[in-house]
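Structural characterization, general
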Amino acid sequence: MNQKANIIAVAGKGGTGKTVIASLLLKFLTEKGLGRVLAIDADPATCLPSTLGVDVEKTIGDVREEMASPSQVFFSEHMPTDMLIEYKIEEIMINTPRFSVLAMGRSEGPGCYCLINDMLRHFIDKLSARFPTILIDCEAGLEHLSRRTTRDVDTMLVVSDPTKRGIDTASNIKNLAEKLQINFRHIYLVLNKVTEDKRVKGVLNEMVKNSGVELIGTVPEDENIRTFDLIGKPITELPEDSKAVVAVREIFERVS
Ligand SMILES: Nc1ncnc2c1ncn2[C@@H]1O[C@H](COP(=O)(O)OP(=O)(O)OP(=O)(O)O)[C@@H](O)[C@H]1O
Ligand SMILES: [Mg+2]
């Protein structure tokens, strides 16, 4: 792979705050002015664009459907399939002044993701030459590892909520990556939605110690996030002094 881009991925159990944290990371990355960032929403549910305040009309899943439809045959005769796919991916990519967004979306029927993921992987490779930074909001769980969507990641942030299952998922991600011989340059745990409860903190500390994943920081429960999500306001517009913004900024500075 063309390793020009710095690839940061955010993974973890469902509902732990991956999309919120990815959105804040994007905000800090663009503010740092290191050039255009490509944000990839690899979650079939496509939530990242809305938390970034952009509208995505079509996903890579839609491109796959279009490619499979008979009306495309005529067009494809005049254009090699890979060129056509590339053209279509460029077409669905949303470009704002400081970042671009690509959504993987979902595809119809079972077992169809392999092709989409192959396409995405191929174009991440190609795109990495154009973007200094690529940020991936992964789908929940471990599937992205076995599909190798997150193969060449520099920094893997595994988000957990304060639950044993969340922390276990983080351990499982690290262990499965090792088993599949996927090398993350760095893999860190982020504990999100942490409250001030001392007893909970004690239990968490013990679990984190046993998880085998290095803790890079904790993010407090932030009522502003709930409010923003309630009304659908972009997470990137949270006030600078919002608790989670301050905490994720510290994490960002530690990993960059
Ligand atoms: N630090 C926080 N404080 C308060 N609420 C939070 C915090 N982080 C996330 N949330 C809330 O938790 C919920 C899940 O967050 P988010 O969508 O980012 O998780 P996710 O891991 O991306 O979920 P999914 O697995 O469905 O993609 C949202 O309702 C969000 O408002
Ligand atoms: Mg999400």
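Scroll up a little and you will see the structure.
Fair warning: this is a prediction, and the values are worked out from it, not measured in the lab.

1. Looking at the side chain of Ser242
Within the fold, Ser242 resides in the loop between helix H10 (223–231) and helix H11 (243–255). Discounting chain neighbours no more than four positions away, the residues touching Ser242 are Asp222 and Asn224.

2. Quick notes on the pattern of salt bridges
Under the counting rule described, the total for this entry stands at 14 salt bridges. Among the ionic pairs, Arg249 bridges to Glu240, the shortest N-O distance being 2.6 Å. By sharing partners, the salt bridges in this structure join Lys27, Glu31, Glu240 and Arg249 into a single network.

3. What about the nonpolar core?
Of all hydrophobic cores here, the largest spans 39 residues; its most connected members are Leu38, Leu102, Ile134, Ile136, Met156, Phe184 and Ile187. Val219, Ile225, Leu238 and Val245 belong to the second-largest nonpolar core, a separate cluster that totals 34 residues.

4. As for H11
Compared with an ideal rise of 1.5 Å per residue, which puts 13 residues at 18 Å, H11 spans 19 Å between its outermost C-alpha atoms and is within 8% of the ideal. Along H11, the positions that sit buried rather than exposed are Ala244, Val245, Ala247, Val248, Ile251 and Phe252. Around the axis of H11, the buried residues are gathered within 165 degrees of arc, so they sit on the same side. Contact partners of the buried residues in H11: helix H1 (18–32), strand S7 (186–194), strand S8 (214–220) and H10.

5. Some words on helix H5 (residues 81–92)
An ideal rise of 1.5 Å per residue puts 16 Å on 12 residues; H5 measures up with 17 Å between its terminal C-alpha atoms. Buried within H5 are the following residues: Leu84, Ile85, Lys88, Ile89 and Ile92. Down the axis, H5 shows its buried residues gathered within 135 degrees of arc, on one side only.

6. A short note on the site of ligand 1
What surrounds ligand 1 is a group of 18 residues, the closest being Lys18, Thr19, Lys193, Asp222 and Asp229. Residue Asp43 places a side-chain N or O atom 3.0 Å away from an oxygen atom belonging to ligand 1. In the environment of ligand 1, an oxygen atom lies 2.8 Å from a nitrogen or oxygen atom belonging to the side chain of Lys193. Coverage of ligand 1 by the protein amounts to 81% of the 630 Å² it exposes when considered alone. Elements with a minimum of two residues in the shell around ligand 1: H1, S7 and H10. Residues that form the shell around ligand 1 fall into these classes: 4 nonpolar, 6 polar and 8 charged.

7. Concerning the sheet that holds strand S3 (residues 94–95)
The mixed open sheet is built from 8 strands, whose spatial order is S3-S4-S2-S5-S1-S6-S7-S8. Every other strand in the sheet has two partners, leaving S3 and S8 as the edge strands with one partner each. The pairing of strand S1 (residues 6–12) with strand S5 (residues 133–137) spans 5 bridges and is parallel. Counterpart to Ile7 in the pairing with S5 is Ile134. Against the sheet, H11 engages strand S6 (155–160), S7 and S8, with an angle of about 160 degrees to S8.

8. Details of the environment of Ser211
Relative to the elements of secondary structure, Ser211 occurs in helix H9 (residues 198–211). A relative accessible area of 9% means that Ser211 is categorised as buried. Filtering out sequence-adjacent residues up to four positions away, Ser211 remains in contact with Ile167, Ser171 and Leu189.

9. A short note on the packing of H1 against H11
A pair of packed helices is characterised by two quantities: the angle between their axes and the separation of those axes. Where H1 contacts H11, the two axes come as close as 10 Å, and the packing angle between them is 65 degrees. Handedness of the H1/H11 crossing: right-handed. Where H1 abuts H11, its residues Ile21, Leu24, Leu25, Lys27, Phe28, Leu29, Glu31 and Lys32 lie against Ala244, Val245, Val248, Arg249 and Phe252. Along the lines of polarity and charge, the residues of the contact of H1 with H11 split into 9 nonpolar, no polar and 4 charged.

The rules behind each value
Residues numbered from 1 in each chain as written. Chains lettered and ligands numbered in written order. Predicted model: local features only at pLDDT ≥ 70, side-chain atom pairs only at ≥ 80, totals over all residues. Heavy atoms only, no water. Helix = DSSP H or I, 4+ residues; strand = E, 2+ residues; numbered from the N terminus. Contact = heavy atoms within 4.5 Å. Salt bridge = Lys/Arg side-chain N within 4 Å of Asp/Glu carboxyl O. Core = buried A, V, L, I, M, F, W, Y, C linked by side-chain atoms within 4.5 Å. Buried < 20%, exposed > 50% of the residue type's maximum accessible area, 1.4 Å probe, protein only. Expected span 1.5 Å × (residues − 1). Arc of directions from axis to C-beta. Near = heavy atom within 4 Å. Polar contact = N/O pair within 3.5 Å; in protein donor to acceptor, adjacent residues only side chain to side chain. Areas by Shrake-Rupley, 256 points an atom, 1.4 Å probe, with all protein chains shown as cover. Nonpolar A, V, L, I, M, F, W, Y, C, P; charged D, E, K, R; others polar. Pairing = 2+ DSSP bridges. Axes fitted to C-alpha atoms, helices over the stretch in contact; angles between N-to-C directions. Left-handed = near helix turned anticlockwise from the far one by under 90°.

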